[in-house]
Amino acid sequence: MSVPHIGLYYFGALSLVLVGIYGVLVKKNLLKILISLSIVETGVNLLLISVGYITGRSAPILSEGIGPKQAVDPIPQALVLTAIVIGVATTAMALSVAITLYEKYGTLNIEEIRRLRG
Amino acid sequence: MVSVLKRSLAIITLLIIGYWLAQGLAGVPFGQDRMLVGKYYLENVKAQTGAVNAVTAIVVNYRGFDTLGEVTVLFIASTGVGALLWRRKKKRTAKTEGSVVLRTGSELLFPFILMFGTYIFIHGHLTPGGGFPGGATIATAFLILYMAFVDYEIPHRLFEPLEGLAGMGYVLVGLIGLAIGSYFLFDWIWQTWHWGAANLGRLFSGGFIPVIYTLIGLKVGTELSGIVDSMLTEEVRE
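All values reported here derive from a predicted model rather than from experimental measurement.

Caption draft 1: Seen up close, the overall build of chain A. Along chain A, the regular secondary structure elements total four helices and zero strands. Taken from N to C terminus, the helices and strands of chain A fall in the order α-α-α-α. By the compact-globule yardstick of 13 Å for 118 residues, chain A is too spread out, its C-alpha radius of gyration being 20 Å. Dimensions of chain A, computed from C-alpha atoms along their principal axes, come out at roughly 65 × 40 × 15 Å. For chain A, with 118 residues in total, the buried portion stands at 26%. Long-range pairs, those at least 24 residues apart, make up 49% of the contacts in chain A between residues at least 6 apart in sequence.

Caption draft 2: Spatial organisation of the overall build of chain B. What chain B contains, in helices and strands, is nine helices and two strands. The secondary structure elements of chain B, listed N-terminal to C-terminal, are α-α-α-α-β-α-α-α-α-α-β. In terms of overall size, chain B is more extended than a compact globule, its C-alpha atoms giving a radius of gyration of 23 Å where 238 residues would be expected to give roughly 18 Å. When the backbone C-alpha atoms are referred to their principal axes, chain B occupies close to 60 × 55 × 35 Å. Looking at chain B residue by residue over its 238 residues, the buried ones come to 36%. Nonlocal contacts in chain B, meaning residues at least 24 apart in sequence, comprise 72% of its contacts between residues at least 6 apart.

Caption draft 3: Quick peek at unusual backbone geometry. Residues and elements named next belong to chain B. Positive phi outside glycine occurs at Leu185, with the angle close to 60°. Structurally, Leu185 is set in the loop between helix H7 (156–180) and helix H8 (188–191). Judged by C-beta crowding, with 24 C-beta atoms within 10 Å, Leu185 ranks as buried.

Caption draft 4: Structural view of the interface of chain A and chain B. Taken residue by residue, the interface counts 42 residues in chain A and 44 residues in chain B. Of all elements in the fold, only helix H1 (8–26), helix H2 (30–51) and helix H3 (74–105) of chain A reach the threshold of two or more residues within the side of chain A that touches chain B. Looking at the side of chain A that touches chain B residue by residue, the classes come out as 31 nonpolar, 10 polar and one charged.

Caption draft 5: Highlighting the nonpolar core. Ranked by internal contacts, the top residues of the largest apolar core, which has 55 residues, are Ala54, Ala57, Ile58, Ile212 and Ile216 of chain B. If sequence neighbours within four positions are ignored, Ala54 of chain B has contacts with Pro60, Leu62, Ala71 and Pro74 of chain A together with Tyr41, Leu42 and Val45 of chain B. Listed in part, the nine residues of the second largest apolar core include Ile6, Tyr10 and Val17 of chain A together with Leu25 of chain B.

Caption draft 6: Expanded view of H3 of chain A. Given a rise of 1.5 Å per residue, 32 residues ought to cover 46 Å, and the 47 Å separating the end C-alpha atoms of H3 of chain A matches this to within 8%. Within H3 of chain A the residues assigned to the buried category are Pro74, Ile75, Pro76, Gln77, Ala78, Leu81, Val85, Val88, Ala89, Ala92 and Ser96 of chain A. Looking at the packing, one finds that the buried side of H3 of chain A touches H2 of chain A together with helix H2 (37–49), helix H3 (54–62), helix H4 (64–84), helix H6 (131–148) and helix H9 (209–232) of chain B. Following H3 of chain A by one or two positions, Gly106 of chain A adopts a phi angle in the positive range, close to 75°.

Caption draft 7: Highlighting the confidence of the model for chain A. Of all residues in chain A, 97% attain a pLDDT of 70 or more, and the chain-wide mean is 89. Taken element by element, chain A is modelled with least confidence in helix H4 (residues 110–117) of chain A, mean pLDDT 80, and with most confidence in H2 of chain A, mean pLDDT 94.

Caption draft 8: Inspection of the packing of helix H5 (residues 100–122) of chain B against H9 of chain B at higher detail. All names here are of chain B. Where H5 meets H9, the axes come as close as 8 Å, and the angle between the chain directions of the two elements is 140°. Where H5 abuts H9, its residues Gly117, Phe121 and Ile122 lie against Pro210, Tyr213, Thr214, Gly217 and Gly221. Taken together, the residues of the contact of H5 with H9 sort by class into four nonpolar, four polar and no charged.

Caption draft 9: Region of the structure containing the environment of Ile113 of chain A. Residue and element names in this part refer to chain A. Take Ile113: it is sitting in helix H4. Along the sequence, Ile113 and Tyr102 sit 11 residues apart, while their C-alpha atoms lie 9.2 Å from each other. Those residues in contact with Ile113, other than ones at most four positions away along the chain, are Leu101, Tyr105 and Thr107.

Caption draft 10: Here's a closer look at the packing of H3 of chain A against H4 of chain B. Running from N to C, H3 of chain A and H4 of chain B cross one another at 10°; their axes reach a closest spacing of 9 Å. When the interaxial angle is binned, H3 of chain A and H4 of chain B end up roughly parallel. Between H3 of chain A and H4 of chain B, the contacting residues are Thr82, Val85, Ile86, Ala89, Thr90, Ala92, Met93, Ser96, Val97 and Thr100 of chain A on the first element and Glu70, Val73, Leu74, Ala77, Gly80, Val81 and Leu84 of chain B on the second. Across the contact of H3 of chain A with H4 of chain B, the residue classes tally to 11 nonpolar, five polar and one charged.

Caption draft 11: Inspection of the confidence of the model for chain B at higher detail. Residues of chain B with pLDDT of at least 70 account for 99%, and the chain-wide mean is 89. In the predicted assembly, ipTM is 0.85 and pTM is 0.88.

Caption draft 12: Focus on the environment of Asn45 of chain A. Residue and element names in this part refer to chain A. Residue placement: Asn45 occurs in helix H2. Between the alpha carbons of Asn45 and Ser2 there is a distance of 27 Å; along the sequence they are 43 residues apart. When sequence neighbours within four positions are dropped, the list of residues in contact with Asn45 reads Val80, Ala83 and Ile84.

Scoring rules and cut-offs
Residues numbered from 1 in each chain as written. Chains lettered and ligands numbered in written order. Predicted model: local features only at pLDDT ≥ 70, side-chain atom pairs only at ≥ 80, totals over all residues. Helix = DSSP H or I, 4+ residues; strand = E, 2+ residues; numbered from the N terminus. Rg over C-alpha atoms; globule rule 2.2 N^0.38 Å. Buried ≥ 20, exposed ≤ 12 C-beta atoms within 10 Å, placed from the backbone. Contact = placed C-beta atoms within 7 Å. Nonpolar A, V, L, I, M, F, W, Y, C, P; charged D, E, K, R; others polar. Core = buried A, V, L, I, M, F, W, Y, C linked by C-beta atoms within 7 Å. Expected span 1.5 Å × (residues − 1). pLDDT = per-residue confidence, 0-100. Axes fitted to C-alpha atoms, helices over the stretch in contact; angles between N-to-C directions. Parallel < 35°, antiparallel > 145°, perpendicular 65-115°, else oblique.

Written as C-alpha cells, this is what we have:
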C-alpha cells in the first residue's frame, strides 16, 4: 500500500470533501450536518475546477494577449457555475425542511427527533 | 465512550474513502492539457457567439437548454421553500433592530450593491460572472435590509410578477429563435444579423447572451430574495 502522489490543489479539495463527510457522520445538529454538506459541495467544485486547470494558462476570457492557446479548459468552469446554483437551491430546500422540523419538535438534534417521532 | 467509538469509526471510514479517491486522482496529473471539446469552444467562441468569455458562452449559448433546466430547478426549489414554509398569515417577528452601523451602512450601500449586481449580469459575456452571481448579489442587498430593519419586507407585488415574466422571457427568446432559425434557443441576434460584430469585447456584442443573462439575473435576484423572505417571516396567530 503506497501513498498516492497527488497535487496540492487536489489534496486541498479532497480534504474539504473529507472534512464535510466527517461532519455528516459525527455531528448531531441538523444545521451542522447541512453546513457539512455545503463543505463537501465546495470541495467537489474545487476539485472540478482544478482538474480543468492547465499550468501557466489564464482564465478563458479571450482578450488581448490571451488566445485560444493561452486559456484553460472552460467546460469544468461552466459545469461548476451550474453546480453552485443547484447547490444553493438544494441548501435552501433543506434549510426550510429544518425550519419545519424545528417548529414541530422544538429541537434540531436528530437523535431526539428520531425518538420523538413514534 | 460511544462518542469515541463513533468518531474513530468515522475517521477510519474517511481514511478509506480518502485513500480510494486519492488513488483515482493520482492517474489524473495536475495542470496538463487534456482539453477535447473545450478546444473547439475556445477556437470558435468569438466567431460563433460574439462573446469573449468562453464560460458564459458555453452556459448560455452552446448549452442554453441546460441553463433553462437549471433556472427551472431554481424555480422549483423556490416554490418548494414557499410551500414548505407556507402559513395563513406571515409577518416579520424579529425583535432586535440592527445596530447603528448596520442600519446606516445598509441604507448607504443598498443602491451600490444593486448597481454592482446589475453590472455583473449585464457584462456576463465580457467579465467573470453572469446572471447567477449577479442575481445572488442583488438578493444580498435585500438580505442586508432584512437584517437591518425589523419591519422591512420586499415589495411582493413587484417581485412576484417580475420573476414570472423573466422566466417567460427566457422561453420567449428561445421561441423567437425557433421561429427565425431552425431550433429552440437559436442565437437569432448574432447568427442572422451579426449585430455587434464591429465591437467584439465591448458591451454591445455577444448576441443574445446579455439579453438572456439580464433575464436570468432578474429572475435569480427576485427568487433568492423571495427565499430569504419566506425564511425570515414567521406565522402570526391572532
